[in-house]
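What follows is the residue order along each chain.
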Amino acid sequence: MTPDEYVEAVLALVERIPPGRAMSYGAVADALADRSGRASPRLVGSIMARHGGGVPWHRVVNSAGRLPPGHERKARERLLAEGCPLRGDRVDLAAASWSPDEGM
């Protein structure tokens, strides 16, 4: 998979995260690792920062459930509007975590 194809794969996966659910950067990387040969949460974060504006970027958080840096207020508003479970200033990943394998 080329770097451009990986960017497209990350964005396509993020598009599939249902409203009210979330994935960590690491979970996105892990879900694509077999196909892509890449497994870097930091790379996913970089892709989201550069190219994620057209997808539900607010549904991708760090492994502790922290919201995207610099966009916490807007992400929190969007997540609350979707009914995503939050615990303080973080997504409750135990309750909100989504996997692309769900429903298969």
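Residues numbered from 1 in each chain as written. Predicted model: local features only at pLDDT ≥ 70, side-chain atom pairs only at ≥ 80, totals over all residues. Heavy atoms only, no water.

J.: What am I meant to see in the environment of tyrosine 25 here?
T.: As for its position among the elements, tyrosine 25 is in helix H2 (residues 25–36). Judged by its relative accessible area of 15%, tyrosine 25 falls in the buried class. Separated by 50 residues in sequence, tyrosine 25 and alanine 75 place their C-alpha atoms 15 Å apart. When near neighbours in sequence (up to four residues on either side) are disregarded, tyrosine 25 contacts Pro41, Val44, Gly45, Met48, Val60, Val61, Asn62, Pro68 and Pro69. (Helix = DSSP H or I, 4+ residues; strand = E, 2+ residues; numbered from the N terminus. Buried < 20%, exposed > 50% of the residue type's maximum accessible area, 1.4 Å probe, protein only. Contact = heavy atoms within 4.5 Å.)

J.: Please explain the nonpolar core as it appears in this structure.
T.: Taken as a class, soluble globular proteins show a tendency for nonpolar side chains to be buried jointly. Val10, Val28, Val44, Met48 and Val91 are the most contacted members of the largest nonpolar core, which has 29 residues in total. Secondary-structure elements contributing two or more residues to this core are helix H1 (3–16), H2, helix H3 (41–51), strand S2 (60–61), helix H4 (72–82) and helix H5 (93–96). Broken down by element, the residue count for this core peaks at seven residues, all from H1. Apart from residues lying up to four places away in sequence, valine 28 is in contact with Val10, Leu13, Met23, Val44 and Val60. (Core = buried A, V, L, I, M, F, W, Y, C linked by side-chain atoms within 4.5 Å.)

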